[in-house]
Amino acid sequence: MDTVLILTIFIVIFALAFDFINGFHDTANAIATSVSTRAMSPRQAIILAAVMNFIGALTFTGVAKTISKDIVDPYTLHDGSVVILAALIAGIAWNLITWYYGIPSSSSHALIGSIAGAAISAAGLDILNYKGFLKILQSLILSPFLAFGVGFLVMFIFRFLFKNSNLSKTNKGFRLFQIVTAAMQAYTHGTNDAQKAMGIITMALIAGGYHTSTDIPLWVRVFAAVSMGLGTSVGGWKIIKTVGGKIMKIKPINGAAADLSSALIIFSATTLHLPVSTTHVISSAIMGVGAAQRVRGVKWGVAQRIVMTWIITLPASAIIAGVVYQLLHLFF
């Protein structure tokens, strides 16, 4: 068995592992609010999220194509298989570190930063496709601000529409509505986040000479969807606790507004073939919802800690990936 084939097999395994870890790392994005308001039990919420993540992952491929070609050119990438494997190892390592400490960091930032870091370590700064890379960075940076704004607006509208409603009936109605919004959130998560591993595997197949276009093979889509669904079924309870309760005290109307807002932002990005961080989007939507209700109700200290993690994820994962590439290069 030749070295390129061995590396490609390792990449497929690590990419599916990344999707699995992404699933349990980001489960909180889809279900934290519905669990914290008791709209669903944790078990019900996780099953719903796993199924909807799986369906979403099979539905679209645009984001996967963006990942496979817009950061670096897989057709000209020097030591492409080693670069991609290093990126995956670094992305997984960062996800596990932040999961262990209960920090809702971005799997998307980690993966994109890792690809860039490993590629630069292999071939220098000129290897990056700056037009595509900057487009991706813009979507990652702008989406949380849009989510904050949409969350603020949706919550403002909800408060206006239901200002004279019976609180008990309103809570009951929004708990039921949260089941729908949680399903929407999980579905959109699958349409965007699961695509990233698909793009990585396709990059590896192109770099290894096993695939000739950026079209995503069906088996890659199915395997990535299954991995994401299984990972989601495991659940990330530490992060659920942070997202679901430490940013602000969430009521059913807040949770529904946050889920609806974030689902709209994520799905819009998916239709534009742009990767976004579901973690950033849902956390920002919760902050926007909280600010619309009462600015002091948002625990801005926790929010600041989350934002700081967002900022350091790209450079940190890039540095880790660069180091991992140099270590792997000693053996391959």
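So, here's what we can say about the structure. From a predicted model like this one, the values you see are computed outputs, not experimental measurements. (Residues numbered from 1 in each chain as written. Predicted model: local features only at pLDDT ≥ 70, side-chain atom pairs only at ≥ 80, totals over all residues. Heavy atoms only, no water.)

1. With respect to the nonpolar core
General note: in soluble globular proteins, nonpolar side chains tend to be found buried as a group.
So, point 1. Ile71, Val72, Leu88, Ile112, Ile115, Met198 and Ile200 are the most contacted members of the largest nonpolar core, which totals 54 residues.
So, point 2. If one sorts the elements of this core by residue count, helix α4 (residues 80–100) sits on top with nine residues.
So, point 3. Membership of the second largest hydrophobic core comes to 22 residues, among which are Ile250, Ala256, Ala257 and Val289. (Core = buried A, V, L, I, M, F, W, Y, C linked by side-chain atoms within 4.5 Å. Buried < 20%, exposed > 50% of the residue type's maximum accessible area, 1.4 Å probe, protein only. Helix = DSSP H or I, 4+ residues; strand = E, 2+ residues; numbered from the N terminus.)

2. Notes on the packing of helix α5 (residues 107–123) against helix α6 (residues 130–161)
So, point 1. Interaxial distance between α5 and α6 falls to 12 Å at its minimum, and their mutual angle equals 160°. Considering the angle they form, α5 stands roughly antiparallel to α6. Seen along the crossing, α5 lies across α6 with a hand that is left-handed. Taking contact as the criterion, the partners of Ser108, His109, Ile112 and Ala116 in α5 are, on α6, Phe133, Ile136 and Leu140. (Axes fitted to C-alpha atoms, helices over the stretch in contact; angles between N-to-C directions. Parallel < 35°, antiparallel > 145°, perpendicular 65-115°, else oblique. Left-handed = near helix turned anticlockwise from the far one by under 90°. Contact = heavy atoms within 4.5 Å.)

3. Some thoughts on the pattern of salt bridges
So, point 1. Overall, the coordinates contain four salt bridges when judged by the stated rule.
So, point 2. In this structure, Asp215 engages Lys65 in a salt bridge whose closest nitrogen and oxygen atoms are separated by 3.2 Å. With Asp215 in the loop between α8 (194–207) and α9 (218–234) and Lys65 in helix α3 (residues 62–69), this pair connects stretches of sequence that are 150 residues apart.
So, point 3. You can call Lys65 partly exposed: its relative accessible area is 27%.
So, point 4. Across the pair Asp193 and Lys196 runs a salt bridge, and its minimum N-O distance is 2.6 Å. For the pair formed by Asp193 and Lys196, the shared burial category is buried. (Salt bridge = Lys/Arg side-chain N within 4 Å of Asp/Glu carboxyl O.)

4. Considering a nonpolar patch on the surface
So, point 1. A surface patch of nonpolar side chains, amounting to about 700 Å² of accessible area, comprises Phe20, Leu218, Trp219, Val222, Phe223, Val226, Leu230 and Val234.
So, point 2. If you tally residues by element for the nonpolar patch, the top one is α9, at seven residues.
So, point 3. Its relative accessible area of 30% is what places Phe20 among the partly exposed residues. (Patch = residues over 30% accessible without salt bridge, like charges linked within 9 Å, V, L, I, M, F, W, Y side chains within 5 Å. Areas by Shrake-Rupley, 256 points an atom, 1.4 Å probe, with all protein chains shown as cover.)

5. Considerations on the layout of surface pockets
So, point 1. For the largest pocket, the calculated volume is near 340 Å³.
So, point 2. Taken together, 15 residues line the largest pocket, and the ones lying closest to its centre are Ile141, Pro144, Phe145, Val307 and Trp310.
So, point 3. Looking at the lining of the largest pocket, the elements with two or more residues in it are α6, α12 (278–293) and α13 (300–329).
So, point 4. Looking at which element gives the most residues to the lining of the largest pocket, the answer is α6, with six residues.
So, point 5. Each residue belonging to the lining of the largest pocket can be placed in one class, and the counts come to 12 nonpolar, three polar and no charged. (1 Å grid on protein atoms, 1.4 Å probe; cavity = no way out; pocket = protein on both sides within 12 Å on 5 of 7 lines; lining within 4 Å. Points joined across faces, edges and corners; volume = space filled by probe spheres on them. Nonpolar A, V, L, I, M, F, W, Y, C, P; charged D, E, K, R; others polar.)

6. What to know about the packing of aromatic side chains
So, point 1. Throughout the structure, instances matching the rule amount to six aromatic pairs.
So, point 2. Each ring, one from Phe162 and one from Phe174, has its centre 5.1 Å from the other, and the planes form 80°; the classification is edge-to-face. Remark: Phe174 occurs in helix α7 (residues 167–192) and Phe162 occurs in the loop between α6 and α7; sequence separation between them is 12 residues.
So, point 3. By relative accessible area, Phe162 is classed as partly exposed at 34%.
So, point 4. Between the aromatic rings of Phe174 and Phe177, the centroid separation amounts to 6.2 Å while the plane-to-plane angle is 70°, which identifies the pairing as edge-to-face. (Phe/Tyr/Trp six-rings, centres within 6.5 Å; stacked < 30°, edge-to-face > 60°.)

By themselves, these figures tell us nothing about what the structure is for.
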